[in-house]
Amino acid sequence: MKAGKLMALLVALLTIATVPVSTVWAASSSVTPGEILVQPLPGVPAIGKPGDIVEIHPVEGVAIDSLQIVSILHGPYDLQIVGTENGVIKAKIPEDAMPDVYFLIVKSNKGDVTIPNGVWVMKDAPTVLRIAHGSDLHVTSGSKMGFVCGDYFQKSIPEILKYCDHPYAMHSYTAADSFMTYYAMTGLQSENVINLIISTGDDVDTNGDSEGYKMFDEAILHGTAAGTPLISIKGNHDHPPTYYNKYVGPRYFYEVIGDFIIIGLDSRGEERHPELEQLQWMENVLKSHPDKVPIVLVHHPFWYSTPDGKWGGTIKGYTAFDEDDWQTLTGYISWDWEGKNGEYDEIARTFLQLVEKYNVRLVLAGHIHKDKPVLYIDKEGNEHWFYTVTTTGAPDKTSNPPSQADQSRGYTTPSWYGSQVIYVYENGTVKFPLAGDVLHEGISSLPIPQKFIVYRQNGEDGTAVKFVNELDNAVSGPFVLEIPAGAKVDPEHTNITYTVLGEREIGGTYYMLLNVTVPTGVSQITVVKEADTQAPEVKIGYLMPSKPKPGQRFKAYVTANDNVGIRDMKVQIISDGKVLAEYPAFSMKPAEVEATYYTEIPGVDASQFTIKVIATDFYGNTGETTYTVGGSTSTSSPSQTTPESGGSTCGPAFIVGLALLPVLLRKRK
């Protein structure tokens, strides 16, 4: 490992060490959903209408005592166990169950779990499957964020400040939660714009991050408890499925939704394509459902390019069943599927033959963090859409506009935090109703969550949400909040239109379901036990570097806490009693009321100056602290502490870093 990479890794570890890790998702016991069930799980629900029989797949050795479904508005209903076949439980949805997306409460000999998105009870099977497609959410319990402002997206604070004064941070969890929330608001409970959310893998950033999976499940809950179901598949960052199978779903599966069948495949991490046995399973599924419209989900895109270019386009007039045609097609297929030397040729050809043979109308993918729409029209004239959407939650993509660093690496096509709306009709027709003709170079995805951001804060005395809506219209629909017991909406500190639809305790957590209208601009809602008069607590943790020189760029890290939630944080640079500059600071744990915030200062042309931090909560209460750089003393607001000027600003993060340094040096050797 080179010295530069070593120091970069050390800095990253120091940053992560400052982030308090806490549990955002909680089950009704210490067991995880995947320790009780193989399916359904939060990413793969059971689906049926009232009176239908659904399948419940227990983990081997688990005996199910009872099954119950409940939502914020409906139930609880007991699922009647009518039989077991090859270890799979057949359970009947009650005839009087109201259509909704339900938590599934499972009691077993191994423990009890409450699973969000456990059972989707449909009123009628849809004749049009209206899909909200997102991918590569990369949720992490650490810090993974970019910065946005309208159409602009940049990876650093100084870069985004070139384009606007008030940018917004997009942590991977914030992006995932905003994506789920938006499409739930425009989902089943409103105007039937969306009836299914799909994620095509890389749900978390690191497969061993159990806290990240709990956060992902929390985002799922916010969408599905509002009435719109979700289906997710595994990506390479979810591989091996150490925690994926415990929190999200099985490796591969299929779901029947009326006239449609969705097949979720596992492209197996760095293998980057399904194995042949999995494709044989896929064919058996397709054979046994000949009257269904097939939709396939797989993380790694099948096509690398088309005659129109690497961005996508149309491939027309070929068939994978003809040898000469196949040799031409291999020039367009991704190495992930075909292999650099054709070593996976049988797998790639088998997959495309299945697409043609069973008339698969839509293949959804992700992975490349770019939009890549491909329309494959086979020799018979059948249309097969392969749509790859940009990342919905990760900032490691080309900035908009491309930054100097992007351009130096040859990345010039801009991107953003995006998603897509796709309609699939019962005759197999595929349309992109909000994007129009997607077969063009450049961005084809929609700016969700880029332009609709939800910042949730859950404190011990209340819950508050800050909305950023930069779309051209207000957004209305159902909205779910976790609340303290007894908390109510405070209309004096809420500036969105709302109606409380219901409240309920489920699995030990209190939920409130509202119908809200979020206007264009910045707005908020507060749900509290009583009016908040408590100011946030703020402390300057450390600077990096600890003693910045005049004109040198540096980062400031701030720890903050509040009883309800912090709405805004800013850092002022003061010299000779004058405010020289002001910068926004952003939370590295946006769902937590106690978190580390940071900002990046491009440099101060002074040998001595004061850093002033101001945290404002949802009631306008402010907490402040100051720190003098380059002087002999430091000052702070009452009850706050800051590092002594000129002294060490090292905290626990630095100690952790020092402890890890010998390990890193051994790794370097």
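Predicted model only: the values in this text are computed from it and were never measured.

How would you summarise unusual backbone geometry if you had to cite specific residues and measurements?
The step from Gln-39 to Pro-40 runs through a cis peptide bond, and the omega angle for that step is 5°. By the element assignment, Pro-40 lies in the loop between strand E1 (37-39) and strand E2 (46-48). That bond from Asn-400 to Pro-401 is cis: its omega, -5°, falls within 30 degrees of zero. In this structure, Asn-359 is a non-glycine residue whose phi angle is positive, near 50°. Relative to the assigned elements, Asn-359 resides in the loop between helix H9 (345-357) and strand E20 (362-365).

Provide a residue-level description of the pattern of salt bridges, including the pertinent values.
Summed over all chains, the structure comprises 27 salt bridges. Residue Glu-159 pairs with Lys-162 through a salt bridge whose shortest N-O separation is 3.1 Å. Classification of Glu-159 by relative accessible area gives partly exposed; the value is 23%. For Lys-214, the salt bridge goes to Glu-211, with nearest N and O atoms at 3.3 Å.

Can you tell me about the packing of helix H3 (residues 172-185) against helix H4 (residues 210-224), naming the residues and giving the values?
For any two helices packed against each other, the geometry comes down to the angle between their axes and how far apart the axes lie. At a minimum axis distance of 8 Å, the contact between H3 and H4 shows a crossing angle of 20°. Classed by the angle they form, the pair H3 and H4 counts as roughly parallel. The handedness of the crossing between H3 and H4 comes out as right-handed. Facing Tyr-173, Ala-176, Asp-177, Met-180, Thr-181 and Ala-184 of H3, the residues of H4 in contact are Met-215, Phe-216, Glu-218, Ala-219, Ile-220, His-222 and Gly-223. Per-class residue counts for the contact of H3 with H4 are eight nonpolar, three polar and two charged.

Tell me about the pairing of strand E34 (residues 566-575), residues and numbers included.
For E34, the tally of buried residues reaches seven of ten residues, placing the bulk of the element in the interior. Pairing geometry for E34 and strand E38 (residues 609-617), over eight bridges, is antiparallel. Note that in E38 the partner of Ile-574 across the bridge is Thr-610. Sheet topology places E34 next to strand E35 (residues 578-584); six bridges connect them, and they run antiparallel. Counterpart to Val-571 in the pairing with E35 is Tyr-583. Between the antiparallel neighbours E34 and E35 lie two residues, among them Asp-576 with a positive phi of about 55°.

So what's going on with the confidence of the model for the protein chain? Which residues, and what values?
Of the residues in the protein chain, 89% have a pLDDT of 70 or more, and the chain-wide mean is 90. Under a pLDDT of 50 for its full length, residues 1-28 has, in the predicted model, 57 contacts with residues more than four places off or in other chains.

Residues and numbers for the nonpolar core, please.
Residues Met-180, Tyr-183, Phe-452, Phe-467 and Phe-479 are the most contacted members of the largest nonpolar core, which totals 46 residues. When residues of this core are assigned to their parent elements, the largest contribution, seven residues, is made by H3. Domain assignment of the residues forming this core places at least three in each of domain 2 (128-431) and domain 3 (452-528).

Account for the packing of helix H6 (residues 276-287) against H9, with residues named and values stated.
Where H6 contacts H9, the two axes come as close as 10 Å, and the packing angle between them is 10°. Here H9 runs roughly parallel to H6, going by the angle between their axes. Of H9, the residues touching H6 (which contributes Leu-276, Leu-279, Met-282 and Glu-283) are Glu-346, Ile-347, Thr-350, Phe-351, Leu-354 and Lys-357. Among the residues making up the contact of H6 with H9, the classes are represented as six nonpolar, one polar and three charged.

Tell me about the sheet that holds strand E29 (residues 497-506), and please be specific about residues and values.
Taken in spatial order, the three strands line up as E27-E30-E29 in an open sheet, and their pairing is antiparallel. Of all the strands in the sheet, just strand E27 (475-483) and E29 have a single pairing partner and so form its edges. Within this sheet the neighbouring strands show an average axis-to-axis angle of 20°, counted without direction. Across nine bridges, E27 lies against strand E30 (residues 509-518) in antiparallel orientation.

Any chance you could break down the side chain of Lys-144 for me, citing the residues and the numbers?
Within the fold, Lys-144 resides in the loop between strand E10 (128-134) and strand E11 (145-149). By relative accessible area, which is 15% here, Lys-144 ends up buried. Among the polar contacts listed, one links the side chain of Lys-144 to the side chain of Asp-205, at a separation of 3.5 Å.

So what about H6? Which residues, and what values?
The periodicity of an α-helix, 3.6 residues per turn, causes residues three or four places apart in sequence to face the same way. Along its twelve residues, H6 runs 17 Å from first to last C-alpha, staying within 8% of the 16 Å computed at 1.5 Å per residue. All of the buried residues along H6 are Gln-278, Leu-279, Met-282, Glu-283, Val-285 and Leu-286. Along the axis of H6, the buried positions cluster into a sector of 160°, meaning they face one direction only. Exposed side of H6, more than 90 degrees from the buried face: Glu-277 and Lys-287 are the residues found there.

Go over the sheet that holds E11 with me, naming the residues and quoting the values.
Pairing is antiparallel in the open sheet, where three strands are placed in the order E12-E11-E13. Whereas interior strands pair on both sides, the edge strands pair on one side only; in this sheet they are strand E12 (152-154) and strand E13 (168-171). The average undirected angle you get between the axes of adjacent strands in this sheet is 30°. Note: E11 against E13, four bridges, orientation antiparallel. Residue pairing for E13: Met-145 is matched across the bridge by His-171.

Would you mind going over the environment of Ser-135 in detail, with residue names and values included?
With respect to the helices and strands, Ser-135 occurs in the loop between E10 and E11. Residue Ser-135 is classed as buried on the basis of its relative accessible area, which comes to 0%. Spatially, the C-alpha atom of Ser-135 lies 8.4 Å from that of His-299, the residues being 164 residues apart in sequence. Each residue touching Ser-135, except ones within four places of it in the same chain, is listed here: Thr-200, Gly-201, His-299, Ala-365, Gly-366, His-367, Val-389, Thr-390, Thr-391, Thr-392 and Gly-393.

Break down the side chain of Asp-617 for me, citing the residues and quoting the values.
As for its placement among the helices and strands, Asp-617 is situated in strand E38. One buried charge, Asp-617, has no salt-bridge partner; the nearest side chain with opposite charge is Arg-567, at 8.6 Å. In this structure the side chain of Asp-617 is engaged in a polar contact, spanning 2.9 Å, whose partner is the backbone nitrogen of Tyr-619. Polar contacts involving the side chain of Asp-617 include one to the main-chain amide nitrogen of Asn-621, which spans 2.9 Å. Look past the residues within four positions of Asp-617 in its chain and what remains in contact with it is Asp-532, Gln-534, Pro-536, Asp-562, Gly-565, Ile-566 and Arg-567.

Mind laying out H3, listing which residues take part and the relevant values?
Its 14 residues place the ends of H3 20 Å apart at the C-alpha level, agreeing with the 20 Å of an ideal helix rising 1.5 Å per residue. Most of H3 is tucked away, with 14 of its 14 residues classed as buried.

Go over the packing of aromatic side chains, please, and point to the residues and values.
The full count for this structure, using the stated rule, is 27 aromatic pairs. For the ring pair Tyr-182 and Tyr-183, a centre distance of 5.0 Å and an interplane angle of 85° mean the geometry is edge-to-face. Look at Tyr-182 and you get buried, because its relative accessible area is 14%. Seen from their ring centres, Tyr-557 and Tyr-598 are 5.8 Å apart, and the 20° between their planes marks the pair as stacked.

Run through the pairing of E20, naming residues and quoting values.
Going residue by residue along E20, you find Leu-362 and Leu-364 tucked away on one face and Val-363 and Ala-365 tucked away on the opposite face as well. Bridge analysis of strand E18 (residues 293-297) against E20 gives three bridges, and the strand direction is parallel. The residue of E20 that forms the bridge with Ile-295 is Leu-362. Where E20 and strand E22 (residues 383-388) come together, four bridges link them in parallel fashion. Note that in E22 the partner of Val-363 across the bridge is Phe-386.

Calculation rules
Residues numbered from 1 in each chain as written. Predicted model: local features only at pLDDT ≥ 70, side-chain atom pairs only at ≥ 80, totals over all residues. Heavy atoms only, no water. Helix = DSSP H or I, 4+ residues; strand = E, 2+ residues; numbered from the N terminus. Salt bridge = Lys/Arg side-chain N within 4 Å of Asp/Glu carboxyl O. Buried < 20%, exposed > 50% of the residue type's maximum accessible area, 1.4 Å probe, protein only. Axes fitted to C-alpha atoms, helices over the stretch in contact; angles between N-to-C directions. Parallel < 35°, antiparallel > 145°, perpendicular 65-115°, else oblique. Left-handed = near helix turned anticlockwise from the far one by under 90°. Contact = heavy atoms within 4.5 Å. Nonpolar A, V, L, I, M, F, W, Y, C, P; charged D, E, K, R; others polar. Pairing = 2+ DSSP bridges. pLDDT = per-residue confidence, 0-100. Core = buried A, V, L, I, M, F, W, Y, C linked by side-chain atoms within 4.5 Å. Domains from an automatic or database assignment. Polar contact = N/O pair within 3.5 Å; in protein donor to acceptor, adjacent residues only side chain to side chain. Expected span 1.5 Å × (residues − 1). Arc of directions from axis to C-beta. Lys, Arg positive; Asp, Glu negative; His and termini not counted. Phe/Tyr/Trp six-rings, centres within 6.5 Å; stacked < 30°, edge-to-face > 60°.

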